[in-house]
Amino acid sequence: MADAASNGKSGKVVIRNIGLLLSGDIDKPVLDADTIVVHDGVIVAVGKEAEVDCDEANTLIDARQTCVAPGLIDSHVHPVFGDWTPRQNQLGWIESTMNGGVTTMVSAGEVHLPGRPKDIVGLKALAITAQRAFDNFRPGGVKVLAGAPIIEKGMVESDFQELAEAGVSLLGEVGLGSVKAGYEAKEMVAWARKHGIQSTIHTGGPSIPGSGLIDKDVVLEADADIIGHINGGHTALSEAHVCELCEKSSRAIEIVHNGNEKIAIAAAQAALQLKCPHRVILGTDGPAGSGVQPLGILRMISMLSSLANIPAELVFCFATGNTARIRGLNCGLIEVGRAADFVFMDRAQHTAGKTLLESVQLGDIPGVGMVMIDGIVRCGRSRNTPPATEIPVVVGAH
């Protein structure tokens, strides 16, 4: 149930008879195409079956008129090592989340490691180790981008340069360590950005011992690349302050499962009213005190679509193309040259919705029928979602 990063090449894969193809691109969320061709884990063609080369496929998949979308991206997770979380003493949470359609996860800090080092040498060592470990080890095939140090007082620019040169590309949530003042965070965020490291700031009330309130003024002053869990993790700022953050900051608006649902809806609606839906990305903020949510991203999609009254095809973009572009990932979009990471879905059995998108708009989560990462099938019918009405089938492989 856990795979090394190197697991062979997919060869040529043809996916045909697609009923609904979601692009991940918020400017054009639905594609007029029914076939995808993959070679060695990369998309090489998207179009009508008669227009693309489907011959001599190593793997041929009949989508059976189901929906194909980019693999979902969880923009906010807290891994530790392997497919185990000490927060809930749970094994297999990453592979289980893959059964919820997630193919990529982005760490917001390995904060749950027992005895997590807080000295500068130790925190850098942990970040580099986590980055290396998850680069070499992919539970269920999931791509876990880890190694996100929690910044502490006393760090200087050379520390960020050293981390970047070692391969670290993320900062853990600013505010979970001793750096909580806006002016301190701003300086370190700028150092990180200078050396190509993307930053996320904790937003709202404290979540774990050692964290504290990060209010809207600190978020604005720090100017991190991602406004982490803008709806709180767990406790949110006031709706007025969250809407002010959406308006006054140009940074990414991250909405998470383990936060305030009312404020999640307000933040998403604010982004649409401000005509910047491309800034919205989704995460679970798990594992956490709330546990692990294998279906957390799907649940966020159905919640925002149904309760915030946002078309489902747009909300899917929040969890795919928006995140890919903001995070600089080569996945999350159905287009030539992107990684062949897909989730095959259909309306859940006996949902009131007549189509998959309608069922999501009504608040139901879809059934996952297959997940593919780098052109390789990682699971068939999901063991975690409600059963899909129809599922794709592998009709030929050699």
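Okay, so let's go over this structure. (Residues numbered from 1 in each chain as written. Predicted model: local features only at pLDDT ≥ 70, side-chain atom pairs only at ≥ 80, totals over all residues. Heavy atoms only, no water.)

Quick word on empty space enclosed by the protein
Next up, step 1: Going through the model one piece at a time under the given rule, you end up with three cavities of 30 Å³ or more.
Next up, step 2: Of the voids in this model, the second largest cavity is the one considered here, and its volume is about 60 Å³.
Next up, step 3: Contributing to the lining of the second largest cavity are Gly-109, Glu-110, Val-111, Arg-116, Pro-117, Leu-123, Leu-126, Ala-127, Ala-148, Pro-149 and Ile-150.
Next up, step 4: In the lining of the second largest cavity, the residues fall into eight nonpolar, one polar and two charged. (1 Å grid on protein atoms, 1.4 Å probe; cavity = no way out; pocket = protein on both sides within 12 Å on 5 of 7 lines; lining within 4 Å. Points joined across faces, edges and corners; volume = space filled by probe spheres on them. Nonpolar A, V, L, I, M, F, W, Y, C, P; charged D, E, K, R; others polar.)

Notes on the sheet that holds strand β14 (residues 143-145)
Next up, step 1: Strand order across the open sheet formed by three strands is β9-β12-β14, with parallel pairing between neighbours. Two strands in the sheet have a free side with no partner beyond their single neighbour: β9 (72-77) and β14. Between one strand axis and the next, the sheet turns by 20° as a mean value, whatever way the strands run.
Next up, step 2: Summarising the sheet, β9 and strand β12 (residues 102-107) pair through four bridges and their orientation is parallel. Its bridge partner being in β12, Leu-72 is matched across the sheet by Val-102.
Next up, step 3: The strands touched by helix α8 (residues 296-307) within the sheet are β9 and β12, with β9 carrying the most contacts at an inclination of about 105°. (Pairing = 2+ DSSP bridges. Helix = DSSP H or I, 4+ residues; strand = E, 2+ residues; numbered from the N terminus. Axes fitted to C-alpha atoms, helices over the stretch in contact; angles between N-to-C directions. Contact = heavy atoms within 4.5 Å.)

What to know about the nonpolar core
Next up, step 1: With 83 residues, the main nonpolar core has Ile-255, Leu-282 and Phe-316 as its most contacted residues.
Next up, step 2: The leading source of residues in this core is helix α7 (residues 261-273), at seven residues.
Next up, step 3: What Ile-255 contacts, discounting residues up to four positions off in sequence, is Ile-230, Asn-231, Ala-264, Ala-267, Ala-268, Val-280, Ile-281, Leu-282, Gly-283, Met-300 and Leu-304.
Next up, step 4: If you look at the next biggest cluster of nonpolar residues, it comprises 17 residues, including Leu-21, Ile-36, Ile-334 and Ala-340. (Core = buried A, V, L, I, M, F, W, Y, C linked by side-chain atoms within 4.5 Å. Buried < 20%, exposed > 50% of the residue type's maximum accessible area, 1.4 Å probe, protein only.)

What about the environment of Val-42?
Next up, step 1: Assignment of secondary structure puts Val-42 in strand β6 (residues 42-47).
Next up, step 2: Val-42 sits 299 residues away from Asp-341 along the chain, and the two C-alpha atoms are 8.6 Å apart.
Next up, step 3: Residues contacting Val-42, with those up to four places away along its chain left out, are Val-37, Gly-337, Arg-338 and Ala-340.

Comments concerning the sheet that holds strand β18 (residues 280-283)
Next up, step 1: The strand order across the open sheet formed by four strands is β15-β16-β17-β18, and the pairing between neighbours is parallel. On the outer flanks of this sheet lie β15 (200-201) and β18, each paired with one strand and no other.

Details of the side chain of Ser-96
Next up, step 1: Within the secondary structure layout, Ser-96 lies in helix α1 (residues 93-98).
Next up, step 2: Assessed through its relative accessible area of 11%, Ser-96 is described here as buried.
Next up, step 3: If we ignore the near neighbours within four places in the chain, the residues touching Ser-96 are Pro-294, Arg-383 and Asn-384.

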